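# Structural description and commentary
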Amino acid sequence: MRRRRRSGTPEGSAFRGKVAVVTGAGSGIGRALADALAGHGARLAIADWDRSGLEETARLIETAGGEVLASRVDVSDRAAVAAFAREVVARFGVVHQVYNNAGIAGGGTTVAHTGYEAFERVLGVNLWGVIHGTKEFLPHLIASGDGHVVNVSSLNGFLAQPGLAPYVTSKFGVRGFTEALRTEMLAEGLPVAVTVVHPGGVRTNIARSAYGPGGADIPAEHLERVRVYEERLFRTPAEEAARLILAAVARKRGRVLIAQAAAVDRLVRLFPESYPRLVVTWGRRLFGSW
Ligand SMILES: NC(=O)c1ccc[n+]([C@@H]2O[C@H](COP(=O)([O-])OP(=O)(O)OC[C@H]3O[C@@H](n4cnc5c(N)ncnc54)[C@H](O)[C@@H]3O)[C@@H](O)[C@H]2O)c1
């Protein structure tokens, strides 16, 4: 069955015929982005370290008549991302848009009790993955004459929470890195738009994926926390998140706030020093602990 193209819309013209790279496309927001981009007539290069999720997304796109290159890549591995960039250029000859979306949760305990390995693992995927994806594709985006970098941060890119230090550190970092890049593209007059995405509360596997495939190894003391995230906080469908991201990309917006992120952004701006007290109070109410 061939997909009904959505490229007749004004938004569609930002994507029709464009080569778009999406990391973390095997699940959640990444899969929804890849599917929506293909629906708008983009040619896709998708990456994920989870082979079965990646293959499922590729199948979805191909079944609907889209064009896709799927590659198993660990975004924390600089050489692997560099090889992926070469593979994409060899296949399509040009790259217009990169969505650095792959990410993992991680945390669950305090800074004092979190080992260095946990910081390295989360920063490796969430921050270094974004840096690798940006740097390896940037020359090609500039060469395209109409490039766009879209980096996925989080509401934890401006709001800290207890028990999430590796994640919060990585997502604040993604925001800083992306905004710095944006200033450079503007200062140098280079043809690359830059967008940072701050999702909050999107219904995906992120809360459980930190604990092995499908959340197989969630420790008993973290079960309640995962349940609260999935049943009470993650309300927005991934397809809606993808729609909002692509609408912002089509308008070359610098920043996208999704679901709870908009209210949280206002809270942090109003109470930049005292918001942590509110976070602790709400955390106790929601999770029954910090
Ligand atoms: N769901 C939310 O409410 C929410 C909120 C804030 C931020 N985010 C961010 O959105 C992005 C997408 O997450 P999601 O919610 O769709 O979660 P998800 O777990 O459904 O999807 C993440 C995908 O990234 C892949 N991935 C993880 N590590 C990888 C690696 N090293 N190399 C390649 N692929 C890797 C996973 O296999 C998975 O397919 C993440 O960066 C996440 O931090 C999500």
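Residues numbered from 1 in each chain as written. Predicted model: local features only at pLDDT ≥ 70, side-chain atom pairs only at ≥ 80, totals over all residues. Heavy atoms only, no water.

As annotated in an unreviewed UniProt entry, the protein is Short-chain dehydrogenase/reductase from Naasia aerilata. Quoted verbatim from the Sequence similarities (unreviewed entry) field of the UniProt record, the comment on the protein reads "Belongs to the short-chain dehydrogenases/reductases (SDR) family." (UniProt positions renumbered as here; feature names shortened; annotations may be inferred.)

Before going further, it helps to examine helix 8 (residues 238–250). Taking 1.5 Å of rise per residue, the 13 residues of helix 8 would be expected to cover 18 Å, and the 18 Å separating its terminal C-alpha atoms lies within 8% of that figure. When we look at burial in helix 8, the residues that qualify are Ala238, Ala241, Ala242, Ile245, Leu246, Ala247, Ala248 and Val249. Positive phi appears at Lys252, one or two residues downstream of helix 8, with a value of about 55°. (Helix = DSSP H or I, 4+ residues; strand = E, 2+ residues; numbered from the N terminus. Expected span 1.5 Å × (residues − 1). Buried < 20%, exposed > 50% of the residue type's maximum accessible area, 1.4 Å probe, protein only.)

Okay, the pattern of salt bridges next. According to the stated counting rule, one finds twelve salt bridges in the structure shown. A salt bridge links Arg269 to Asp265; the nearest nitrogen and oxygen atoms lie 3.2 Å apart. Placement of both Arg269 and Asp265 in helix 9 (residues 261–270) is noted, with a separation of four residues, approximately one turn of the helix. Residue Arg269 is classed as exposed on the basis of its relative accessible area of 54%. Members of the salt-bridge network, linked through shared partners, are Lys18, Asp146 and Lys252. (Salt bridge = Lys/Arg side-chain N within 4 Å of Asp/Glu carboxyl O.)

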